[in-house]
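Chains, contacts and geometry: an overview
Spelled out from the first residue to the last, the chains are:
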Amino acid sequence: MFQVGDTVVVKHTNDEGEVVEIINAKMVVVQVKGVNFPVYTDQLEYPYFKRFTENKLFPPEKEKKYIDDVQVEKKPLSKKVVDGVWLTFIPVMHSDEFGDDVVDELKIHLVNRTESDYHFQYDLSYINKPGFELKNTIKAFEDFYIHDIDFETLNDSPVFSVEFALVKPIKGKADYHETHLKLKAKQVFQKIRETQEQGHATFSYRIMETYPDKQEEAEKLDVSALTKAGYKVYDASLTRQHLEPAKGVIDLHIEKLAMNYEKLNAFEALTIQLQTFEKYLDLAIVHHLPSMVVIHGVGTGKLRDEIHEALKMRREVKTFVNQYHPSYGYGATEIYFTKK
């Protein structure tokens, strides 16, 4: 059994490294030339045999070489692969009484395989429980450990959101770039099976291939001709003055939204409810409301789930919760917005 601090050799590459972390009985984290990565223990061995075979008892007598025969040493060039930024997951497992591998948790790393350094904000959100936030910086070709999550939490529809910004801004590049990754327990379990069959210790998802360019701003229009023609032109900076007022509470029961709601089928009713929700969500954001309550009822949960999925994709939403409310029971979701 390997211990932290042991010197080991990776069989496939013949590289020598050091054990820096024990994940479980079958897997450890090894550091080779300053890079940490997980390895199954059956892929490692102690270096004694390697050293013994390399150091012969009677080394052969060196032939004399003249200066003209000595070639200039050529150092091999190691080319780094540039293929984006990845979220990498390391399954931590144990064997049950039947000898089957059971996944306890996932170790999450942010892996930057680009030539740029980034500031990043990592947000993990769930439907019915608090998530996790982290702000930090990741350098080019760096592996950054973020945190561990229980495998059971994959049943709560986790969404991994990461916002990137260049440490050294580049003209023509975007001020920031936001990405999202949704995972489900069934998909992850299948991914883990595939990694085990292939003999790999991790699985990864690419969340950014290249940092995007800044979108070209629309050219300013000359609206003087429109004004002279009698059209009313508004100053965009004063847009809020001409918008419908926001609502702190919006009731999405279909009888509140449609006159002939009895004639609507389920799809038509849901469409009207979601359109109304999107409208008042946008108004709340534009008017800088600190929070908002959406009454969706209990029912089958379809409307609630659609609303929650939409909220996960809005960077203006800091958090939301569907819990018991004295006025609405479990039929409402409270939304809290990021401060401007």
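As shown above, the structure is provided for reference.
Predicted, not measured: the structure shown is a model, and the values here were computed from it.

On to the packing of aromatic side chains, then. One pass over the full model with this rule turns up 10 aromatic pairs. Both rings, one in phenylalanine 120 and one in phenylalanine 144, keep their centres 5.3 Å apart while their planes meet at 80°; by these two values the pair is edge-to-face. Here the residue phenylalanine 120 occupies a position in strand E8 (residues 118-125), and phenylalanine 144 occupies one in strand E10 (residues 143-150), the gap between them amounting to 24 residues. Side by side, phenylalanine 120 and phenylalanine 144 carry an identical accessibility label, which is buried. Seen in terms of ring centroids, phenylalanine 203 and tyrosine 205 are 6.1 Å apart; in terms of plane orientation they differ by 90°. Their pairing is edge-to-face. Side by side, phenylalanine 203 and tyrosine 205 carry an identical accessibility label, which is buried. The structure contains a cluster of three or more aromatic residues connected by ring pairs, namely Phe89, Tyr122, Phe132, Phe160, Phe203 and Tyr205.

Note on placement: serine 161 falls in strand E11 (residues 159-166). Take serine 161: its relative accessible area is 9%, and that puts it in the buried class. Within the structure, serine 161 has its side chain in polar contact with the side chain of histidine 180 (distance 2.8 Å). Setting aside chain neighbours within four positions, we find serine 161 in contact with Gln121, Tyr122, Asp123, Thr179 and His180.

Okay, the sheet that holds strand E3 (residues 27-32) next. With antiparallel pairing, 5 strands are arranged side by side in an open sheet as E4-E3-E2-E1-E5. Two strands close off the open sheet at either side, each with one partner strand: strand E4 (35-40) and strand E5 (44-45). In this sheet, E4 lies alongside E3 in antiparallel orientation, the contact comprising 6 bridges. Note that in E4 the partner of glutamine 31 across the bridge is asparagine 36.

In spatial order, the strands read E14-E15-E17-E16; together these 4 strands make up an open sheet with mixed pairing. A single partner strand is all that each edge strand has here, and the edge strands are strand E14 (249-251) and strand E16 (317-321). The sheet shows a mean angle of 20° between the axes of neighbouring strands, taken without regard to direction. Direction of pairing for E16 relative to strand E17 (residues 332-337): antiparallel, over a ladder of 4 bridges.

Rules of the game
Residues numbered from 1 in each chain as written. Predicted model: local features only at pLDDT ≥ 70, side-chain atom pairs only at ≥ 80, totals over all residues. Heavy atoms only, no water. Phe/Tyr/Trp six-rings, centres within 6.5 Å; stacked < 30°, edge-to-face > 60°. Helix = DSSP H or I, 4+ residues; strand = E, 2+ residues; numbered from the N terminus. Buried < 20%, exposed > 50% of the residue type's maximum accessible area, 1.4 Å probe, protein only. Polar contact = N/O pair within 3.5 Å; in protein donor to acceptor, adjacent residues only side chain to side chain. Contact = heavy atoms within 4.5 Å. Pairing = 2+ DSSP bridges. Axes fitted to C-alpha atoms, helices over the stretch in contact; angles between N-to-C directions.

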